[in-house]
Amino acid sequence: MNYYSLNKKAANVDFREATIKGQAPDKGLYFPVTIPRVANDTIKNIHAYSKEELALEIMLPYVGNTITKSDLQKIVSETINFPFPLVSVNKKIYSLELFHGPTLAFKDVGARFMSRCLGYFSTQQKKKITVLVATSGDTGGAVANGFLGVEGVEVIILYPSGKVSPVQELQLTTCGQNIKALEVKGSFDDCQAMVKDAFIDVDLNNHLTLTSANSINVARWLPQQLYYFFAYQQWIKENDTAPIISVPSGNFGNICAGLLAYVSGLPVDHFIAACNVNDAIPEYLRTGNYQSKKSIPTISNAMDVGNPSNFVRILELFQSSYQNISEKISGYTVSDEITKQTIDDVYQKDHYILDPHGAVAYYALEDYLKSNPSKKGMILETAHPVKFPDTVEEIIGKSIEIPESVKPLFQLEKKSVLMEPNFSDLKGWLLAQ
Ligand SMILES: *Cc1c(COP(=O)(O)O)cnc(C)c1O
């Protein structure tokens, strides 16, 4: 499989080069030249597949011959070696729990897959690879955990100071070894802009082999399709129609991967792009006009994105047809107040504890189902509520049990480098490393 740049001014590359480069030289995002069709038989017999078999079949065409099948099988199995349960919240709504990985958020899958691919590719070249990544919260921890100890790869994480939760901050600042955290005195958008500038800076790129671990990178983005296949595998045991899927969205990598799964043949009735007040895409879905915005801090902080990177991929998937996009996806804007109210309501009624991101998706789905009363759907619950204890514990009025896997974090010491939100400081620091 080859990948082209959505800016159409750079040469096509294979999966290996797309993964190492992250972004195309013309600043475009890479996109697969063709979208492989999942065999009808695979969909029909999906219940008979193990999740490892299914994952291998889905990922194989995207990786092509850049990784041997047996190595890919190993990478894929390690990537998904935890459960992805579809849990019934009530008669109408299920929750696909994507927080059972090591850092308790869905980003573990993309980060684990990408780190293993990059580790594999780095053995084929002499020069060290530097992963530069901006995080609004969960990417940092997942990337730190995924890449920890991977030889030949150095990881630098930029995060907005004071705007990530304590568990998130510990997960990305306590690894040591090949992982370094830069604490930027600014917003996520500042971090993302600094990273984007680094990728196009000639000096830096002469000194370092830089790549991104944001969902810009195809190796982060593509494996997220797997959630939707795993969801469907479980869904059809209890339902005979295709699901409505509500996805809490920020940079739109996750929902865009779901749309890719749909275009390649997975049955999905409708998608809901559930956003907090950072709603550039819901606004596009309502009006047909896209305008990037400045990001606004909210309690669902991993979705505080003013200019979602993956919007261009969504356009490409639907040949830029506003009509086709708006028929398949509904957008919602959910305030912090409603998010909190939803956490409270669902806990009172169904004894299910939502995190703020899942709550945004829940509210949007519930509202959608009001005007589509014969249908049922699922939310993607993208993070464990314990990652947002201040918000969630105050609402439900009790403390959330900390999973065993997270407890050791609280014994570790935060290590970060404080930095002003400008590119020249980042450049100076990188060149001094
Ligand atoms: C990153 C993140 C999101 C947003 O995902 P995108 O792929 O950026 O749209 C939603 N919820 C949580 C918990 C996240 O960490």
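All of these numbers come straight from a predicted model, not from anything done at the bench.

Calculation notes
Residues numbered from 1 in each chain as written. Predicted model: local features only at pLDDT ≥ 70, side-chain atom pairs only at ≥ 80, totals over all residues. Heavy atoms only, no water. Helix = DSSP H or I, 4+ residues; strand = E, 2+ residues; numbered from the N terminus. Rg over C-alpha atoms; globule rule 2.2 N^0.38 Å. Buried < 20%, exposed > 50% of the residue type's maximum accessible area, 1.4 Å probe, protein only. Contact = heavy atoms within 4.5 Å. Areas by Shrake-Rupley, 256 points an atom, 1.4 Å probe, with all protein chains shown as cover. Near = heavy atom within 4 Å. Polar contact = N/O pair within 3.5 Å; in protein donor to acceptor, adjacent residues only side chain to side chain. Nonpolar A, V, L, I, M, F, W, Y, C, P; charged D, E, K, R; others polar. Pairing = 2+ DSSP bridges. Core = buried A, V, L, I, M, F, W, Y, C linked by side-chain atoms within 4.5 Å. Disulfide = S-S within 2.5 Å. Axes fitted to C-alpha atoms, helices over the stretch in contact; angles between N-to-C directions. Left-handed = near helix turned anticlockwise from the far one by under 90°. Salt bridge = Lys/Arg side-chain N within 4 Å of Asp/Glu carboxyl O. Right-handed = clockwise from strand over helix to strand, strands pointing away.

Caption draft 1: Seen up close, the overall build of the protein chain. From N to C terminus, the protein chain includes 19 helices and 14 strands. Rg of the C-alpha trace for the protein chain: 20 Å, near the compact-globule value of 22 Å for 433 residues, within the 12% margin. Oriented by its inertia axes, the alpha-carbon framework of the protein chain measures out at about 60 × 50 × 45 Å. Buried residues in the protein chain amount to 60% of all 433 residues. In the protein chain, once contacts between residues fewer than 6 apart in sequence are set aside, the share between residues at least 24 apart is 75%. Summing over all exposed atoms, the protein chain offers an accessible surface of approximately 16,800 Å²; the carbon and sulfur share of this is 49%.

Caption draft 2: Spatial organisation of the site of the ligand. Near the ligand lie 15 residues; those nearest to it are K107, D138, G250, N251 and T382. At 2.8 Å from an oxygen atom of the ligand is found a main-chain nitrogen or oxygen belonging to N251. Residue G253 places a main-chain N or O atom 3.1 Å away from an oxygen atom belonging to the ligand. About the coverage of the ligand: the protein hides 97% of its 380 Å² of free accessible area. The residue makeup of the shell around the ligand, split by class, is six nonpolar, seven polar and two charged.

Caption draft 3: Up close: the environment of L118. Mapped onto the secondary structure, L118 falls in helix 5 (residues 107–122). Sequence separation between L118 and I400 is 282 residues, and the spatial gap between their C-alpha atoms is 36 Å. Discounting chain neighbours no more than four positions away, the residues touching L118 are T19, I20, I129, V131, F147, V153 and T211.

Caption draft 4: Region of interest: the pairing of strand 13 (residues 377–381). Of all five residues making up strand 13, five are buried, and the element is well covered by its neighbours. What you see with strand 13 is no split at all: G377, I379 and E381 on one side and M378 and L380 on the other are buried throughout. Strand direction decides the pairing type here: strand 5 (residues 93–97) and strand 13, joined by five bridges, are parallel. Bridging from a neighbouring strand, S95 pairs with I379 of strand 13. Bridging between strand 10 (residues 244–248) and strand 13 involves three bridges; their strand directions are parallel. Counted as the bridge partner of S246 is I379 from strand 13.

Caption draft 5: Main features of the nonpolar core. In terms of nonpolar packing, the biggest core is built from 97 residues, with F15 and F113 touching the most fellow members. The biggest single contributor to this core is helix 11 (residues 225–238), with eight residues. With residues near it in sequence (within four places) discarded, F113 still touches F15, M59, V63, L72, I75, V76, T79, A219 and P223. Residues Y332, Y368, V406 and L409 belong to the second largest nonpolar core, which totals 34 residues.

Caption draft 6: Seen up close, the state of the cysteines. For the coordinates displayed, the defined rule picks out zero disulfides. Sulfur of C175: no disulfide; nearest cysteine sulfur belongs to C191 and is 18 Å away.

Caption draft 7: Structural detail: the packing of helix 3 (residues 51–63) against helix 11. In contact at an axis separation of 10 Å, helix 3 and helix 11 are set at 140° when each is read in the N-to-C sense. For the pair helix 3 and helix 11, the sense of crossing is right-handed. Contact residues: helix 3 offers K51, L54, A55, I58, M59 and Y62, while helix 11 offers Q225, L226, F229, F230 and Q233. Here the residues of the contact of helix 3 with helix 11 sort into eight nonpolar, two polar and one charged.

Caption draft 8: Spatial organisation of the sheet that holds strand 8 (residues 179–184). Overall, parallel pairing links the five strands, which are arranged 9-6-7-8-14 in an open sheet. Where the open sheet ends on each side, the last strands, each with one partner, are strand 9 (209–212) and strand 14 (417–419). Direction aside, neighbouring strands of the sheet carry axes that sit 25° apart on average. Its contacts with the sheet place helix 6 (residues 138–147) against strand 6 (129–134), strand 7 (153–160) and strand 8, and it is angled at close to 165° to strand 7. Running at roughly 150° to strand 6, helix 8 (residues 188–200) makes contact with strand 6, strand 7, strand 8, strand 9 and strand 14 of the sheet.

Caption draft 9: Structural view of the environment of G146. Structurally, G146 is set in helix 6. In sequence terms G146 and A181 are 35 residues apart; their C-alpha atoms lie 15 Å from each other.

Caption draft 10: Here's a closer look at the side chain of T209. Within the secondary structure, T209 is located in strand 9. Excluding residues that lie within four positions of it along the chain, T209 makes contacts with I20, Q125, K127, K128, I129 and T130.

Caption draft 11: Structural view of the pattern of salt bridges. Going through the model one piece at a time under the given rule, you end up with 19 salt bridges. In this structure, K74 engages E78 in a salt bridge whose closest nitrogen and oxygen atoms are separated by 3.4 Å. Placement of the pair is K74 and E78 together in helix 4 (residues 69–79), with a separation of four residues, close to one helical turn. The exposed category is assigned to K74, whose relative accessible area is 52%. Note that D279 is salt-bridged to R286, the shortest N-O span being 3.2 Å. For R286, a relative accessible area of 48% gives the class partly exposed.

Caption draft 12: Up close: the pairing of strand 6. Burial analysis of strand 6 places six of its six residues in the buried class, the great majority of the element. In the sheet, strand 6 pairs with strand 7 via six bridges, with the strands oriented parallel. The residue of strand 7 that forms the bridge with A134 is L158. The parallel pair strand 6 and strand 7, bridged by helix 6, forms a crossover whose chirality is right-handed. Looking at chain direction, strand 6 and strand 9 are connected through four bridges and run parallel. Within the sheet, the bridge partner assigned to T130 lies in strand 9 and is L210.

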